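The chain contents come next:
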Amino acid sequence: MTHPVTPTIRPVRPEDVPAVVAMVHELAAYERAPEQCHLTTEQLTTALFTTNPALFGHVAVDGRDQPVGFALWFLNFSTWAGVHGIYLEDLYVSPAARGTGAGRLLLATLADICVRRGYRRLEWWMIDWNPAAGFYASIGAEQMSEWVPYRLSGDALRGLAAQAEAADTRPND
């Protein structure tokens, strides 16, 4: 019986972007919403490698340095704690690499960044039927039930933005 190689975690490199984009699309299919995923290699490259990026990423790589999983994240800020935290936008491990510890190592890497930088929180959302809930509980993650998500998008987003335009309250950005 062969044992899978424990992946290595490192920051995303430009040459990893096509593999990460492909895995984002795999994640969207897994979450039963492939038609909602429009991410391109160009978009992710721009987001990750601009002069002052707002998005960061890490990959789990196999023994040949090929990405088998990823974590894409950005900073948030707690006004109550007075410090930043990490919001994990997406975590995904390819089916062939599940059970190798890649997911745990990706989360451990982000936890280490939090601790080293003095951040107080590592947060994420998970679709309610995802079997990873048991894994998250096993590492000590707490399910948050008192906060209810809201989202503005599409026509509602444009409609509200039009109110700022009409009131001439738009910042110069």
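Scroll up a little and you will see the structure.
Residues numbered from 1 in each chain as written. Predicted model: local features only at pLDDT ≥ 70, side-chain atom pairs only at ≥ 80, totals over all residues. Heavy atoms only, no water.

Caption draft 1: The arrangement of the environment of Trp 124 in detail. Considering the arrangement of structural elements, one finds Trp 124 in strand β5 (residues 122-124). A sequence separation of 51 residues divides Trp 124 from Trp 73, and the C-alpha atoms of the two residues are 9.2 Å apart. Leaving out residues up to four positions away in the same chain, Trp 124 has contacts with Tyr 87, Leu 88, Leu 107, Tyr 136 and Ala 141. (Helix = DSSP H or I, 4+ residues; strand = E, 2+ residues; numbered from the N terminus. Contact = heavy atoms within 4.5 Å.)

Caption draft 2: Representation of helix α5 (residues 154-166) within the structure. In this model, α5 (13 residues) spans 18 Å end to end at C-alpha, consistent with the 18 Å of a helix rising 1.5 Å per residue. Positive phi shows up at Asp 168, right after α5, with a value of about 55°. (Expected span 1.5 Å × (residues − 1).)

Caption draft 3: Geometry of the pairing of strand β2 (residues 56-61). Across the six residues of β2, five count as buried, placing the element largely inside the fold. Where strand β1 (residues 8-11) meets β2, four bridges bridge the pair, whose relative direction is antiparallel. Among the inter-strand pairings, Arg 10 is bridged to a residue of β2, identified as Val 59. The sheet contact formed by β2 and strand β3 (residues 67-78) spans six bridges and is antiparallel. Paired with Val 61 across the strands is Pro 67, a residue of β3. Counted along the chain from β2 to the antiparallel partner β3, the turn is five residues long, and its residue Asp 65 has a positive phi close to 65°. (Buried < 20%, exposed > 50% of the residue type's maximum accessible area, 1.4 Å probe, protein only. Pairing = 2+ DSSP bridges.)

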